[in-house]
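Per-entry structural report
The chain contents come next:
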Amino acid sequence: MNTTSAAIRPDRFAHRALRHWGERLIESALFVAAFSAVAVTVSIIGILTYESLTFFRHVPIKDFLTDTQWTIMFSDKHYGIAPLLAGTLTTTGVALLLAVPVGTVTAIYLSEFAGHRTREIVKPVLELLAGIPTVVFGYFALLMVTPALQWFMPDLPGFNMLGPGLVIGIMIIPYVSSVAEDAMRAVPMHMREGSYAMGATRLQTALKVVMPAATSGVVAAYILGISRAVGETMVVAVAAGQQPNFTFDPRESGATITAYIVQVALGDLPHGSLEYQSIFAVGLVLVLLTLFFNVLGHLVRKRFREAY
């Protein structure tokens, strides 16, 4: 009996040691995965900052931020980021005017009104819409949406920011509706039952109980949509005209930050020239703009977050 116990005890120790080292290995792998995401983000910001310093040695930051002309391809060179920033904000604003109400209504319907079978059909279709290549959306905006808008606005030019903005809004509807719907479905059922017990209708419950309780998740959906719209490239590169204009009128042609980066990166400008270095400066502005929206969304979620 003692001999058997003595033989089993080392096996137990070996099993515990093996399990311990296995857990340590998994923990290390998870740490590397988490650290790599942070390291990549810091590296991107570091590279953009380092390369932008070369640009700002020749272009004063004041002129970069206040000049309303961006004409680095012409003999009379101006390096004002305002036209590119105006184009980015205009297309993003048009996209949000479509995506936020439509995405929110879709999320409410899927969460509170649609049956199980309907939800299982509609939600995959929306997610399939998010998988269409953006260049296809770009030509859809140029060849379908803009000609359709010209029926109502005959003076609308062939290249404008309204058509691409609407198409970007269609693109980000799945992001807004999916995340918002998940947040609404996470609201405990007893809150709905309490509302029904007080005599509220399903619509009143959805708008006055579920929506306020899911505010943090809905805001996260909006922030995701904003980030997606700000970073969109091919739709505006194809259909907006790539002409930097300092205007917030979506009926005019314009260029966004991402479209300009594509235009220069794929052009014939020599590597290391001031014009080439400008893409890092505008890229840094794009990162800071996205970071601003993410931080704002985090503060709003923290302010309205509910714990159940």
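Residues numbered from 1 in each chain as written. Predicted model: local features only at pLDDT ≥ 70, side-chain atom pairs only at ≥ 80, totals over all residues. Heavy atoms only, no water.

**Points about the packing of helix 3 (residues 82-113) against helix 6 (residues 162-185)**
- Closest axis-to-axis distance for the helix 3/helix 6 pair is 6 Å, and the angle between their directions is 35 degrees. In the packing of helix 3 onto helix 6, the handedness of the crossing is right-handed.
- In the contact of helix 3 with helix 6, the residues fall into 18 nonpolar, eight polar and three charged. (Axes fitted to C-alpha atoms, helices over the stretch in contact; angles between N-to-C directions. Helix = DSSP H or I, 4+ residues; strand = E, 2+ residues; numbered from the N terminus. Left-handed = near helix turned anticlockwise from the far one by under 90°. Nonpolar A, V, L, I, M, F, W, Y, C, P; charged D, E, K, R; others polar.)

**A closer look at the nonpolar core**
- Formed by 27 residues in total, the largest nonpolar core has its most connected members in F64, W70, L84, Y260 and V282.
- Those elements that provide at least two residues to this core are helix 1 (2-56), helix 9 (215-230), helix 11 (257-265) and helix 12 (274-304).
- Per-element tally for this core: the top contributor is helix 12, with 10 residues.
- L84 has contacts with W70, P244, A255, T256, I257, Y260 and V282, leaving out every residue within four places of it along the chain. (Core = buried A, V, L, I, M, F, W, Y, C linked by side-chain atoms within 4.5 Å. Buried < 20%, exposed > 50% of the residue type's maximum accessible area, 1.4 Å probe, protein only. Contact = heavy atoms within 4.5 Å.)

**Describing helix 9**
- When the terminal C-alpha atoms of helix 9 are compared, their 22 Å separation across 16 residues agrees well with the 22 Å that a helix rising 1.5 Å per residue should span.
- For helix 9, the full list of buried residues reads S216, G217, V218, V219, A221, I223, G225, I226, A229 and V230. (Expected span 1.5 Å × (residues − 1).)

**Some points on the packing of helix 7 (residues 189-197) against helix 8 (residues 202-213)**
- With their axes 10 Å apart at the nearest point, helix 7 and helix 8 run at an angle of 140 degrees to one another. On the basis of the axis angle, helix 7 is oblique to helix 8. As for how helix 7 packs across helix 8, the hand of that crossing is right-handed. On helix 8, the residues touching M191, R192, S195 and Y196 of helix 7 are R202, T205, V209, V210 and A213.
- Its residues assigned to classes, the contact of helix 7 with helix 8 shows five nonpolar, two polar and two charged. (Parallel < 35°, antiparallel > 145°, perpendicular 65-115°, else oblique.)

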